[in-house]
Amino acid sequence: HASARVQRADVQLLSADDCSDIIAAIKGPPVAESVELQGAAMDEDERDTLCGGAGMAIAAALRESRGTLRELILCKQRIASDELEAVVGAVSGQTSLQTLDLTETALGRKGGAALASALSAAGGCSASLRVVRLGDCSLGKSFAAVVDALRGASGLEELDLSYNEVNSEVLTALCTAAGSWKSMRALNLEGSEVDEEGAELLRTAMRKAGTENALRLEDEEDSDAGSEDSVVFKHAEGAQEEDACSVASAQTPASSPKAGGKGASAGQLKSPSKAPIALSSTPGFSLTPKAASSPVQGKPALRTGPVVKGKE
């Protein structure tokens, strides 16, 4: 059947009238299988990006797409507090939803609780979900409840929970849920303040599920970067010592043999002393530490059907 992708950038919808074209595109025809709304940057008035009834209207349209929607991306949104639960709650009953991306959308405790409820609702989307991105969503005290709700998403392959603080309750929930995530390829907890003891507990739980290699922690990346820096430093140091030997060898005259003496034979050179050399003077090498790469938020692969465009 015909399908469409509804995509808008720099979204700031201040009333229900502002999103009439988006609502029409979601409802179709053709039917929208993918909805992506990227929030606008913060303006000087610090206004929300979904407010004045716009959030409620979007939520109603999403609810009508149950059974059809496969991808929902609502990134960098600032949703009015009185509309937050309705927008997040629209996830409930999305039985075909495979990708849910709420990266940098401030959910807080209220929004997180609404998400947990929607994910755990009977006949919800947990069974179909493959990718969930909740990086930097300020989940706070609702974090553990969200993880518990995702335990039923046994087909999860990618889960981004970065930059949400992991406390003991969240860690326990993660260790329990890890046993259900046997298809997990990437579990991102960068910036979530997981200490080494907690990391080892989680690794153990994931090892039992055969997914230990999927875990990504900030300290592991920093360690890898440090190892690379060490290799570069040793390479530079070794190369400079070699240059020092070459220079000294070229400048040291050959010793003349003395009759009956113990002098060096003609052409034999004295070993040069290794005087300290400024490492930065060697061209081609740099001792500037390599910056750790920031996490890349990949885009899901689903891109089918014509794009329906309208006013922002």
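Residues numbered from 1 in each chain as written. Predicted model: local features only at pLDDT ≥ 70, side-chain atom pairs only at ≥ 80, totals over all residues. Heavy atoms only, no water.

Caption draft 1: Just the overall build of the protein chain, in detail. When you go through the protein chain residue by residue, the secondary structure sums to 8 helices and 9 strands. For the protein chain, with 312 residues in total, the buried portion stands at 41%. A separation threshold of at least 6 residues defines the contact pool for the protein chain, and within that pool the share at least 24 residues apart is 83%. Accessible surface for the protein chain amounts to roughly 15,900 Å². Of this, 51% is attributable to carbon and sulfur atoms. (Helix = DSSP H or I, 4+ residues; strand = E, 2+ residues; numbered from the N terminus. Buried < 20%, exposed > 50% of the residue type's maximum accessible area, 1.4 Å probe, protein only. Contact = heavy atoms within 4.5 Å. Areas by Shrake-Rupley, 256 points an atom, 1.4 Å probe, with all protein chains shown as cover.)

Caption draft 2: The arrangement of the packing of helix α6 (residues 168-178) against helix α7 (residues 196-209) in detail. Remark: α6 packs on α7, axes separated minimally by 8 Å, with the N-to-C direction vectors making an angle of 15°. When the interaxial angle is binned, α6 and α7 end up roughly parallel. Helix-helix and strand crossings are classified by hand; for α6 and α7 the assignment is right-handed. Contacts from L171, L174, C175 and A178 in α6 reach G198, L201, L202, A205, M206 and A209 in α7. For the contact of α6 with α7, the residue count by class is 9 nonpolar, 1 polar and no charged. (Axes fitted to C-alpha atoms, helices over the stretch in contact; angles between N-to-C directions. Parallel < 35°, antiparallel > 145°, perpendicular 65-115°, else oblique. Left-handed = near helix turned anticlockwise from the far one by under 90°. Nonpolar A, V, L, I, M, F, W, Y, C, P; charged D, E, K, R; others polar.)

Caption draft 3: Quick look at the pattern of salt bridges. Within the structure shown, the criterion is met by 14 salt bridges. Salt-bridge contacts for R133 lead to D101; the nearest nitrogen and oxygen are separated by 3.5 Å. On the criterion of sequence distance, the pair formed by R133 in strand β5 (residues 131-133) and D101 in strand β4 (residues 99-101) is long-range, its members being 32 residues apart. A relative accessible area of 3% means that R133 is categorised as buried. Given the relative accessible area of 3%, D101 is considered buried. (Salt bridge = Lys/Arg side-chain N within 4 Å of Asp/Glu carboxyl O.)

Caption draft 4: Representation of the environment of T49 in the model. Residue position: T49 is located in the loop between β2 (31-39) and α2 (54-64). On the accessibility criterion, T49 (0% relative accessible area) is buried. Beyond its immediate sequence surroundings of up to four residues, T49 is in contact with V11, Q12, L13, G39, A40, K76, Q77 and R78. Within the structure, T49 has its side chain in polar contact with the side chain of Q77 (distance 2.6 Å). (Polar contact = N/O pair within 3.5 Å; in protein donor to acceptor, adjacent residues only side chain to side chain.)

Caption draft 5: Inspection of the confidence of the model for the protein chain at higher detail. Here the protein chain shows a mean pLDDT of 79. Residues at 70 or above account for 69%. Predicted confidence for residues 223-242 stays below pLDDT 50, and this span has 18 contacts to residues more than four positions away or in other chains. (pLDDT = per-residue confidence, 0-100.)

Caption draft 6: Layout of the environment of D195. For D195, the position within the fold is in the loop between β7 (186-188) and α7. For D195, a relative accessible area of 47% puts it in the partly exposed group. In the structure, D195 is positioned 22 residues away from L217 in sequence and 9.8 Å away in space, judged by C-alpha atoms. In this structure the side chain of D195 is engaged in a polar contact, spanning 2.7 Å, whose partner is the backbone nitrogen of G198.

Caption draft 7: Quick peek at the environment of S192. Tracing the chain through its elements places S192 in the loop between β7 and α7. Residues S192 and E218 lie 26 residues apart in sequence; the distance between their C-alpha atoms is 8.3 Å. Residues within four places of S192 in sequence aside, it is in contact with L161, S162, Y163, N164, E165 and V166.

Caption draft 8: Main features of the pairing of strand β1 (residues 3-11). Bridge count for β1 against β2 is 7 bridges, and the pairing is parallel. Note that in β2 the partner of R8 across the bridge is L37. Following the backbone out of β1, through helix α1 (residues 20-27) and into the adjacent parallel β2, one traces a crossover that is right-handed. (Pairing = 2+ DSSP bridges. Right-handed = clockwise from strand over helix to strand, strands pointing away.)

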